[in-house]
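Chain by chain, the residues:
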Amino acid sequence: KRVRGTFANSRHTEMLVRKRTPQTWLVPNPIRSSFLKSPLEDRAEKIIEVPKFLCVGRIDENKRQVEILTAFQHLYLQGHRFVLQFAGPESSYEPWRIALGEVGDHSYVEQLGFLDEPSLIAAMDQADALVHFPLEESFGLVVGEALGREMAVFASNVGGVRDICDGVPGTCLVDSVVELEKVIADWIGRACPYLPGANPIMVSRYSPEVIAARHLDIYREILNEEVPVAS
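For every chain, the first residue of the written sequence is number 1, and numbering continues from 1 onward in sequence order. Side-chain atom pairs in this predicted model are given and counted only at pLDDT of 80 or more, local residue features only at pLDDT of at least 70, and totals for whole chains, interfaces and linings cover all residues. Side-chain figures throughout are based on the complete set of non-hydrogen atoms in the structure, without hydrogens or water.

*Asks:* Whenever I open this one, the packing of helix α9 (residues 198-206) against helix α10 (residues 208-223) confuses me. Can you help?
*Replies:* Geometrically, a packed helix pair is captured by the angle between its two axes and the distance between the axes. As a rule, the C-alpha atoms of each element are fitted with a line to give its axis, helices using only the stretch in contact, and angles between N-to-C directions run from 0 to 180 degrees. Elements are defined by DSSP. Helices are runs of H or I of four residues or more, strands are runs of E of two residues or more, and each kind is numbered from the N terminus. Their axes nearest at 5 Å, the elements α9 and α10 cross at an angle of 25 degrees. In terms of orientation, α9 and α10 fall into the roughly parallel class. In this structure, α9 uses Val203, Ser204, Arg205 and Tyr206 to contact α10, whose residues at the interface are Pro208, Val210 and Ile211. For classification, angles of less than 35 degrees are called roughly parallel, those exceeding 145 degrees roughly antiparallel, those between 65 and 115 degrees roughly perpendicular, and all remaining angles oblique. A contact between two residues is defined here by any heavy atoms of the two lying within 4.5 Å.

Below, the structure is given as C-alpha cells:
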C-alpha cells in the first residue's frame, strides 16, 4: 500500500499482483547484450544429423529435468539419436540421481556443470534446441537468451514463457511431457528444420536499451504525479 505501483515482468506476473497494488506496469526483464549479438551465420546452413538439445538451470522439482530426461530416454529407445546436455550447478536432488542411474551408460546425456556467460553462449551456439519445461515461470530468461542465439525452443506453456515466445519462429509450447516427447520426435523426424528470425525480435523486445527506456518513461510518469507519503 505504500507504493505507487508495481513492475510486472510478464502478463502472468501482472495478473497475480494486479489486485494487490494500485497500478501495474508491464516491464520485462532485459536480456544481456552478449546474448543478442549476431548469432552464428552458419546455423541456417547446418545439416543436423545428430541434434544437440540443451537444458539450462538448477536441477529441481520445478524445472522438471527428471521428466525431461525420462522423455528423452523414451525417444532414444524409439530409435532417435541425439545429444542431451544439462547445464547448471551440481545437484544433490535425489530423484535426479535415480533418473541418471536408470539411463545407465547411454552416451547421449552430458552434464556440463555451471557455465559462466561466455561458456553458456558457446554452448547455445553449438546446440540446436533448448528444452525448458518448468512447472511455473514468472519470466523465463533462459528462453529469451536461447532465442537471441537463434535456437529452436521447446518449452512448457506457462507463465512468462508465453510472452517471450509469442509470435517468434522456431518455438513450440506444450502442456505435458507426453506432448513434449511427441513434438520433439516430430522435429527430429523432419530433419530438425531451422526457422530464422528470433534474434531481431528479442532485440526489439528485451535489449537493455529498450527496457531502460521503458523504466525512464515510468519514472517520468510517476514524478509528474503526486506521490503518496508512506505512513
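*Asks:* Where do I start with unusual backbone geometry in this structure?
*Replies:* Across residues other than glycine, the phi torsion is negative in most instances, and most of the peptide bonds are trans. Unlike most non-glycine residues, Arg64 shows phi in positive territory, near 65 degrees. Along the polypeptide, Arg64 turns up in the loop between β3 (52-56) and α3 (65-77). Per-residue accessibility, obtained with a 1.4 Å probe over protein chains only, is compared with the maximum for each type, and a residue is labelled buried under 20%, exposed over 50%, and partly exposed between these values. When its relative accessible area of 15% is taken as the criterion, Arg64 is described as buried. The backbone of Ala191 sits at a positive phi, close to 65 degrees, despite the residue not being glycine. With respect to the helices and strands, Ala191 occurs in the loop between α8 (177-189) and α9.

*Asks:* Help me out: how do you make sense of the sheet that holds strand β5 (residues 109-113) in this one?
*Replies:* Paired through their backbone hydrogen bonds, the strands of a sheet run either parallel or antiparallel. When DSSP finds two or more bridges between two strands, those strands count as paired. The 6 strands are arranged β5-β4-β3-β6-β7-β8 in an open sheet whose pairing can be described as parallel. With one partner strand each, in any of the chains shown, β5 and β8 (171-174) form the two edges of the open sheet. Averaged over all neighbouring strand pairs, the angle between strand axes comes to 20 degrees, with direction disregarded. Bridge count for β3 against strand β6 (residues 129-132) is 2 bridges, and the pairing is parallel. Opposite Leu54, over in β6, you have Leu130 as the bridge partner. In the packing of α3 onto the sheet, contacts are made with β3, β4 (83-87), β5 and β6, and the angle to β4 comes to roughly 170 degrees. α8 contacts β3, β6, β7 (152-156) and β8 of the sheet and is inclined by roughly 165 degrees relative to β7.

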